[in-house]
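# Observations on chain architecture
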Amino acid sequence: MNGSIQAFLLASRLRTLPLASACVMVGSAVAYPRVTAVNESTGAFWRVFGMILLTVLLLQILSNWANDLGDYENGADGAERTDRMVASGQLSTAVMKRAIVALGALAFCCGLAAVVVAFWESSRLVEGIAMVGLGVLAIGAAYRYTAGHNPYGYRGLGDLMVLIFFGWVGVGGTAFLLSGKWDETWLLPGTWTGLMSTAVLNLNNMRDFNRDADAGKRTVVVALGWHKAKVYHLLCFILGWLAWWVFALVIEPGQWRGMGWIAIINAFHFVHTWRVWRCNEPAALDPELKRIALSTSVAAFFILLAQTGGTA
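One structure accompanies this document, and this report is about it. (Residues numbered from 1 in each chain as written. Predicted model: local features only at pLDDT ≥ 70, side-chain atom pairs only at ≥ 80, totals over all residues. Heavy atoms only, no water.)

Attention shifts here to the overall build of the chain. Across its full length, the chain holds 13 helices and 0 strands. Reading the chain from its N end, one meets helices and strands in the order α-α-α-α-α-α-α-α-α-α-α-α-α. Projected onto the principal axes, the alpha-carbon positions of the chain cover approximately 55 × 45 × 35 Å. Look at the contacts in the chain between residues 6 or more apart in sequence, and 75% of them connect residues 24 or more apart. Carbon and sulfur atoms provide 66% of the accessible area of the chain, an area that totals close to 13900 Å². A gap of 2 Å separates the mean positions of the 23 positive and 19 negative side-chain charges of the chain. (Helix = DSSP H or I, 4+ residues; strand = E, 2+ residues; numbered from the N terminus. Contact = heavy atoms within 4.5 Å. Areas by Shrake-Rupley, 256 points an atom, 1.4 Å probe, with all protein chains shown as cover. Lys, Arg positive; Asp, Glu negative; His and termini not counted. Charge placed at Lys NZ, Arg CZ, Asp CG, Glu CD.)

Here it is, written out as structure tokens:
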């Protein structure tokens, strides 16, 4: 394999993509009954779903590339980070910057295509422009996390942006594009995906706690300190799962199948919080990070199956 291609694949951190797709799967699940209530054909639904999913995955890769570049330029990563492509010298800053611009343009085109297909027949120009605007903001947020001058990830705002874009915007925006309607109760499942993603980011920052503190990268973990970060981590799971169960059992009772599987993942997540609570070595958290990211994406997939006709 060409060295540059392999370097870009490594910089893409493909293991992060399943978690990024969770908001699209959950947003599609909450929209599906509203779509099928007025249209027996689901062909358009799945076409738009595919374009939204591709856009979100491209944005996640864009964020990962920008993180690889930004952490090097802002001093968080040095040559010892052989897992980072720019810091280790496997990709130059100029090459990475050009690639980020190209990928950002591709993500914009995919998002624009999703909006056009979703609103083509309804001619809802204002809503379409608003969704395109959100897409532009998402591209900017993906880049500015750790890249550019004074990135917000270095000021403890990364968690909030993850909650917004991989939670409320990801779920609500997906559901709105697919159904053409808005329901404020979608903020509840959006809170679930957003806080699960925030928990993964927090776990990542707990693992990198000492290195980030030394580099002046003021994440929420660095600001709170190691022990309070554990409390914060637990709250992400408590509030996130509470939001989901209120939506599934109170707002839409009886409309969700396969919730036994979701409850099992819920229990698994709280076992995870106990292991994190007892952990005193940041490096030991890496396996937990992988488990939570994957289990959250599996739960989101089950939620999608629960509404689209699959058995869960």
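As a further point, take the packing of helix H3 (residues 22-38) against helix H13 (residues 286-308). Their axes nearest at 8 Å, the elements H3 and H13 cross at an angle of 15°. Looking at the two axes, H3 sits roughly parallel to H13. In this structure, H3 crosses over H13, and the sense of that crossing is left-handed. Between H3 and H13, the contacting residues are Ala 22, Met 25, Val 26, Ser 28, Ala 29, Tyr 32 and Pro 33 on the first element and Ser 297, Ala 300, Phe 301, Ile 303, Leu 304, Gln 307 and Thr 308 on the second. (Axes fitted to C-alpha atoms, helices over the stretch in contact; angles between N-to-C directions. Parallel < 35°, antiparallel > 145°, perpendicular 65-115°, else oblique. Left-handed = near helix turned anticlockwise from the far one by under 90°.)

Our focus in this paragraph is unusual backbone geometry. Notably, Arg 13 is not glycine yet its phi reads approximately 50°, a positive angle. Following the sequence through the fold, Arg 13 ends up in the loop between helix H1 (3-12) and helix H2 (17-20). You can call Arg 13 partly exposed: its relative accessible area is 24%. With a phi close to 55°, Asn 150 is a non-glycine residue in the positive phi region. Tracing the backbone shows Asn 150 in the loop between helix H6 (125-144) and helix H7 (158-179). (Buried < 20%, exposed > 50% of the residue type's maximum accessible area, 1.4 Å probe, protein only.)

Compared with the 32 Å implied by 1.5 Å per residue over 22 residues, the 30 Å span of H7 between its first and last C-alpha is a close match. Largest kink in H7: about 40°, centred on Val 169. Of all 22 residues in H7, 17 are buried; the element is thus mostly enclosed. Gly 180 occupies a position one or two residues after H7 and carries a positive phi of about 75°. (Expected span 1.5 Å × (residues − 1). Bend = angle between axes of the 7 residues up to and from the residue.)

This brings us to the pattern of salt bridges. Counted by the stated rule, this structure contains 12 salt bridges. Asp 286 is the salt-bridge partner of Arg 15, the closest N and O atoms lying 3.6 Å from each other. You can see Arg 15 sitting in the loop between H1 and H2 and its partner Asp 286 sitting in helix H13, a full 271 residues away along the chain. Assessed through its relative accessible area of 19%, Asp 286 is described here as buried. Measuring nitrogen to oxygen at the nearest pair gives 2.6 Å for the salt bridge that ties Arg 207 to Asp 286. Here the residue Arg 207 occupies a position in helix H8 (residues 187-207), and Asp 286 occupies one in helix H13, the gap between them amounting to 79 residues. Look at the salt bridges and you will find they share partners, linking Arg 15, Arg 207, Asp 208, Arg 211, Asp 286 and Lys 290 into a network. (Salt bridge = Lys/Arg side-chain N within 4 Å of Asp/Glu carboxyl O.)

Before going further, it helps to examine the side chain of Asn 64. Here Asn 64 is to be found in helix H4 (residues 43-73). Residue Asn 64 is classed as buried on the basis of its relative accessible area of 4%. At 2.9 Å, the side chain of Asn 64 and the side chain of Thr 16 are in polar contact. (Polar contact = N/O pair within 3.5 Å; in protein donor to acceptor, adjacent residues only side chain to side chain.)

With that settled, consider the side chain of Asn 67. Mapped onto the elements, Asn 67 comes out in helix H4. Assessed through its relative accessible area of 6%, Asn 67 is described here as buried.

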